[in-house]
Amino acid sequence: MPAQTAPGSTVPPGSATRGSASLTGALILLATVQLMVVLDMTIVNVALPSIDRALRFNLGNISWIVNGYALPFGALLLFGGRSGDLLGRRSVFVVSVVAFAAASAFAGLSGSPGMLIAARVAQGAAAAFAQATALSLIVSTFPAGPARNRAVGVFAAMEGLGAGLGLLLGGVIVQSISWRWVFLVNVPVAATVALLALRRIPASARERGHIDVVGAITATASLGALIFGLSRAAEHGWGNGLTAGPIAAGLLGLATFVTIERRSAHPLTPLWVFADRNRAGAYLIQALLGAALFGFFFLSTLFLQDVFGYKPLKAGAAFVPATVIMMVAAGLVPRVIGRIGVRPLIASGTAIAAIGMWLLGQLQPHSAYLTGVLIPMTVLTIGLGMVFVPATLSAVSGVDEEHSGLVSGVSTTAIQIGGAIGVAILATVAATTTRHATPGTPLREALTNGYTHAFHIGALVIALAVPIALLLLRKR
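Residues numbered from 1 in each chain as written. Predicted model: local features only at pLDDT ≥ 70, side-chain atom pairs only at ≥ 80, totals over all residues. Heavy atoms only, no water.

K.L.:
Which parts of the structure should I look at to understand empty space enclosed by the protein?
P.N.:
Gaps left between atoms show up when a probe the size of a water molecule is rolled over them. Evaluated as defined, the whole model comprises 1 cavity of 30 Å³ or more. What lines the largest cavity is a set of 13 residues, among which Gln34, Phe155, Glu159, Thr392 and Ile415 lie closest to the centre. Within the residue set of the lining of the largest cavity, elements represented by two or more residues are α5 (113-141), α6 (146-176), α16 (369-395) and α17 (404-435). Sort the elements by how many residues they give to the lining of the largest cavity and α17 lands first, with 4 residues. Its residues assigned to classes, the lining of the largest cavity shows 5 nonpolar, 7 polar and 1 charged. (1 Å grid on protein atoms, 1.4 Å probe; cavity = no way out; pocket = protein on both sides within 12 Å on 5 of 7 lines; lining within 4 Å. Points joined across faces, edges and corners; volume = space filled by probe spheres on them. Helix = DSSP H or I, 4+ residues; strand = E, 2+ residues; numbered from the N terminus. Nonpolar A, V, L, I, M, F, W, Y, C, P; charged D, E, K, R; others polar.)

K.L.:
When you look at the side chain of Thr323 in this model, what are you seeing that I'm missing?
P.N.:
In this fold, Thr323 is placed in helix α14 (residues 320-340). With relative accessibility at 6%, the residue Thr323 sits in the buried group. Non-local contacts of Thr323, meaning those with residues more than four positions away in its chain, are made with Gly160, Leu161, Gly164 and Leu165. (Buried < 20%, exposed > 50% of the residue type's maximum accessible area, 1.4 Å probe, protein only. Contact = heavy atoms within 4.5 Å.)

K.L.:
Whenever I open this one, the pattern of salt bridges confuses me. Can you help?
P.N.:
Pairing of side chains with opposite charge becomes possible as their charged atoms draw close. Summed over all chains, the structure comprises 3 salt bridges. Notably, a salt bridge pairs Arg82 with Asp85, separated by 3.4 Å at the nearest N-O pair. Within this pair, Arg82 and its partner Asp85 are both found in helix α3 (residues 77-87), separated by 3 residues, close to a single helical turn. Here the two residues Arg82 and Asp85 agree in accessibility, since each one is buried. By sharing partners, the salt bridges in this structure join Arg82, Asp85 and Arg89 into a single network. (Salt bridge = Lys/Arg side-chain N within 4 Å of Asp/Glu carboxyl O.)

K.L.:
Looking at this structure, I do not really get a nonpolar patch on the surface. What am I missing?
P.N.:
Taken together, the side chains of Val320, Val324, Val328 and Leu332 present a nonpolar region at the surface, about 310 Å² in accessible area. Among the structural elements, Val324 can be located in helix α14. (Patch = residues over 30% accessible without salt bridge, like charges linked within 9 Å, V, L, I, M, F, W, Y side chains within 5 Å. Areas by Shrake-Rupley, 256 points an atom, 1.4 Å probe, with all protein chains shown as cover.)

K.L.:
When you look at the packing of helix α15 (residues 342-360) against α16 in this model, what are you seeing that I'm missing?
P.N.:
How two helices pack is summed up by the angle between their axes together with the distance between the axes. Running from N to C, α15 and α16 cross one another at 155°; their axes reach a closest spacing of 7 Å. Taken together, the axes of α15 and α16 lie roughly antiparallel to each other. In the packing of α15 onto α16, the handedness of the crossing is left-handed. A class-by-class count of the residues in the contact of α15 with α16 yields 19 nonpolar, 7 polar and no charged. (Axes fitted to C-alpha atoms, helices over the stretch in contact; angles between N-to-C directions. Parallel < 35°, antiparallel > 145°, perpendicular 65-115°, else oblique. Left-handed = near helix turned anticlockwise from the far one by under 90°.)

Structure (structure tokens):
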């Protein structure tokens, strides 16, 4: 008997008859786009000083090189996933990848701050559609079981690889070529993926229905306002009007969105998606994972440069071992997930990650990289690598193929919103602790106290996933 999902729907048998070579080719393309999209969120950080010197940004505008990408990216994931269900996942995927290539070209050729920010907004919007439809294509292309487990493992590994590799690759490109190639490198890669996708990725059936325009506008505007407010919290404080106001507006908008979806004949996000205890728990865990991962990279990068005095390229290289470890852990998990189950893996993985984050909180200004950074970072990334695959599988489980874009959009949105909240909270904790250091405290010590306090809070955040996994998730 097939597994039941929404009323009247069943999980289809999948595409078990497709050749392994065809599936491998499709997975390589989808993983490449996932890597490119995530990498583009971090690679630009290293290039900011060079961009500032070349285009003469105002002090208040330079942050929009980063926020201009992150804001539409997080705001449009829900809409991106649902549009793939209704308009055809492969079609939306190809168009969004082409748009990403075009926006990257404009970013690399920008001659003014306004042009670059506009290009980054376009990049973020295209990335949202590309990532949401890429995950839904994995769900609809790979049959449930070992094949899908392995595909999700590769896809999930790209999250950590992109976040870490971006810091290293950005330093290499900026120092060896030009900051412009931080963006231009995407053009040939995205163009190649778009061309090959038409041959390697099978077209999927479209769901009958209409796009909930009111719901889409409400969700996008609300998520955008929430991310905008959170992105300002660390620098301007929670009490600032342009921080608290957008956050309040975003939360109110999301409450309105729920009301709209409850009454809509064709909702953008039907509320039955959250009625399943397993999926709801997985979304909460993914939000905590996003907070831990983004918070870890954000705090660690600053600590290595501000306290240890590392140059950007050296700081990026310091994350290479952690990135490799996370990929290996995520790659091994699909081999055992069928025997162990998702609940034990997620509970133990998040507990291990929390221990690693707590150990980072023991850093001192004169700590050695090996014992103070690498060992705790290894523990943290092993734990995170254990969790990404089973959490993603739980988040997209129990639905038929026609709703794969919907649950994929919610899944990726949970990670991005969690990441934005995590960075905002942990950065605020670090800044506040440093600011209130005892008068006369040396700067490096004050900075260290701020970062380590934030690491401790981050450990508590990721530890919340342990009881959630034990209480809400099914073992299989």
